[in-house]
Amino acid sequence: GAVVSQHPSWVICKSGTSVKIECRSLDFQATTMFWYRQFPKQSLMLMATSNEGSKATYEQGVEKDKFLINHASLTLSTLTVTSAHPEDSSFYICSARPGDISLNQPQHFGDGTRLSIL
Amino acid sequence: GESVGLHLPTLSVQEGDNSIINCAYSNSASDYFIWYKQESGKGPQFIIDIRSNMDKRQGQRVTVLLNKTVKHLSLQIAATQPGDSAVYFCAGGLPGSSYKLIFGSGTRLLVRP
């Protein structure tokens, strides 16, 4: 149980293109999902918290207009990297947590999306 | 400040030996801790968690120890196997509206045959 699917797993696109990444909880509902960014040989950096039916909460230093997050249903959150540039190239990972957000439960992660901007 | 860090970036162990991976945290507000395993090109995989009202929790071949006095936790892996080779992250949960996790810098575990 608690499977999170992320799509696509790998994308290469030209500079200036917008790229959408999907994160789905397959066997549970998630009112809260999280988006992380990971550089090579580094840890996960939380970018934003995606809340179903409301605006995402962004971490300090993360551009809201650059990284658009939509959480339209209890099983789907999307991250759109707008007008992507080479410095946006990274490994983007989403996670979701089943159950009540007030409870301490582990986040379950997708397998990430490797984004390469040429 | 908020931080969860690790003492050693790389740990090399002989197959069959026990592994101990350490983690230090600085935020006393963290009341929940998780260990994740990440293999190359994949997302983190949940291993074990522990709440701050506990000091030890055991799973299959893994044990997590929490010392709140010195803000330290460790992950012990018994009889380490080649498949255990990966990067291990600890993460601390912060109480709040979303209980977000703060990840440590990670330790790479290498298992020698």
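Rules used throughout
- Residues numbered from 1 in each chain as written.
- Chains lettered and ligands numbered in written order.
- Predicted model: local features only at pLDDT ≥ 70, side-chain atom pairs only at ≥ 80, totals over all residues.
- Heavy atoms only, no water.
- Helix = DSSP H or I, 4+ residues; strand = E, 2+ residues; numbered from the N terminus.
- Contact = heavy atoms within 4.5 Å.
- Buried < 20%, exposed > 50% of the residue type's maximum accessible area, 1.4 Å probe, protein only.
- Polar contact = N/O pair within 3.5 Å; in protein donor to acceptor, adjacent residues only side chain to side chain.
- Core = buried A, V, L, I, M, F, W, Y, C linked by side-chain atoms within 4.5 Å.
- Phe/Tyr/Trp six-rings, centres within 6.5 Å; stacked < 30°, edge-to-face > 60°.
- Disulfide = S-S within 2.5 Å.
- Pairing = 2+ DSSP bridges.

A. Representation of the side chain of Thr63 of chain B. Mapped onto the secondary structure, Thr63 of chain B falls in strand S7 (residues 62–67). Discounting chain neighbours no more than four positions away, the residues touching Thr63 of chain B are Lys56, Arg57, Gln58, Ser74, Leu75 and Gln76 of chain B.

B. View of the environment of His72 of chain B. All names here are of chain B. Structurally, His72 is set in strand S8 (residues 72–77). Overall, the relative accessible area of 21% leaves His72 in the partly exposed class. Once the C-alpha coordinates of His72 and Ala24 are considered, the two residues, 48 residues apart in sequence, prove to be 4.5 Å apart. Within the structure, His72 has its side chain in polar contact with the side chain of Asn22 (distance 3.4 Å).

C. Representation of the nonpolar core within the structure. Residues and elements named next belong to chain A. Of all hydrophobic cores here, the largest spans 25 residues; its most connected members are Trp35, Tyr58, Phe67, Ile69, Leu79, Tyr92 and Leu115. Of all the secondary-structure elements, those providing two or more residues to this core are strand S2 (10–13), strand S3 (19–25), strand S4 (32–38), strand S5 (44–51), strand S7 (67–73), strand S8 (76–81), strand S9 (90–96) and strand S11 (113–117). Contacts of Tyr58, omitting those with residues within four sequence positions, involve Met47, Ala48, Glu63, Lys64, Phe67, Leu68 and Ile69.

D. Fine view of the packing of aromatic side chains. Using the criterion set out here, one finds nine aromatic pairs over all chains in the structure. An angle of 85° between the planes, with centres 5.6 Å apart, marks the rings of Tyr36 of chain A and Phe103 of chain B as edge-to-face. Of this pair, Tyr36 of chain A sits in strand S4 while Phe103 of chain B sits in strand S10 (residues 101–103), on two different chains. Judged by its relative accessible area of 0%, Tyr36 of chain A falls in the buried class. Owing to a relative accessible area of 8%, Phe103 of chain B belongs among the buried residues under this scheme. Taking the centre distance of 4.6 Å and the plane angle of 45° together, the rings of Tyr25 of chain B and Phe33 of chain B count as tilted. Judged by relative accessible area, Tyr25 of chain B falls into the buried class, the value being 8%.

E. Focus on the state of the cysteines. Residues and elements named next belong to chain A. A full pass over the atoms with the stated rule returns two disulfides over all chains. The disulfide partner of Cys23 is Cys94, and the gap between their sulfur atoms is 2.0 Å. Judged by the sign of its S-S torsion, about 80°, the cystine formed by Cys23 and Cys94 is right-handed. Residue Cys23 is found in strand S3, and its partner Cys94 is found in strand S9; the two are separated by 71 residues along the sequence.

F. Structural context of the pairing of strand S2 (residues 10–14) of chain B. Residues and elements named next belong to chain B. Only one face of S2 is buried, namely the one carrying Leu11 and Val13, since none of Thr10, Ser12 and Gln14 on the opposite face is buried. Alignment of S2 against strand S11 (residues 107–112), held across five bridges, turns out to be parallel. The partner of Gln14 across the bridge, within S11, is Arg112.

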